[in-house]
Amino acid sequence: MKSYRKELWFDIQSRRELINITPAVNNCLRESGIKEGLCLVNAMHITASVFINDDESGLHHDFEVWLEKLAPEKPYSQYKHNGYEDNADAHLKRTIMGREVVVAVTEGKLDFGPWEQIFYGEFDGKRRKRLLVKIIGE
Ligand code: ZN
């Protein structure tokens, strides 16, 4: 069995951002040379998510509005976690959107359903953050 590991770094300028990382994960898959197996992609921070959904700007706006209803950023004082930090909402948003995805690798390709794309969801940016790509198989 082959095993491949890579960390991808992002310089996130804003507090919240969604990035389509499918091209980057495809590059990893090509680099790995693996044709049949599993591809795991996970955020390496507890205030960021990796998830699969549609690359459609209306939907991305809907995610932002929905997450702000569930875990509003402000007022910061509403959260016990916000003593030295102001990112309690980011921890909650990350938990809702998930930590990782696993995608089947078939005939050297990510075996997606219709419209599926992989996203990195940042909820406490303005700094360098990273995610992990791990691919195992033959
Ligand atoms: Zn925190």
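Before reading further, recall that the structure is shown in the block above.
Reading the values: rules and limits
- Residues numbered from 1 in each chain as written.
- Predicted model: local features only at pLDDT ≥ 70, side-chain atom pairs only at ≥ 80, totals over all residues.
- Heavy atoms only, no water.
- Pairing = 2+ DSSP bridges.
- Helix = DSSP H or I, 4+ residues; strand = E, 2+ residues; numbered from the N terminus.
- Contact = heavy atoms within 4.5 Å.
- Axes fitted to C-alpha atoms, helices over the stretch in contact; angles between N-to-C directions.
- Salt bridge = Lys/Arg side-chain N within 4 Å of Asp/Glu carboxyl O.

## Section: the sheet that holds strand β1 (residues 2-12)
Consideration 1: Taken together, the 5 strands give an open sheet; going across it, the order is β1-β8-β3-β5-β6, and neighbouring strands pair in antiparallel fashion. Sheet topology places β1 and β6 (109-110) at the edges, where each strand pairs with a single neighbour.
Consideration 2: Sheet analysis places β1 next to strand β8 (residues 127-137), joined by 11 bridges and oriented antiparallel. Its bridge partner being in β8, F10 is matched across the sheet by K129.
Consideration 3: Seen against the sheet, helix α1 (residues 22-32) touches β1, β3 (37-43), β5 (100-106), β6 and β8 and runs at an angle of roughly 150° to β1.

## Things to note about the pattern of salt bridges
Consideration 1: Taken as a whole, this structure holds 15 salt bridges when the rule is applied.
Consideration 2: In this structure, E68 and R16 form a salt bridge, with 3.4 Å as the shortest nitrogen-oxygen distance. Remark: R16 occurs in the loop between β1 and β2 (17-20) and E68 occurs in helix α2 (residues 57-70); sequence separation between them is 52 residues.
Consideration 3: Close ionic contact of E122 with K129 constitutes a salt bridge, the shortest N to O distance being 2.8 Å.

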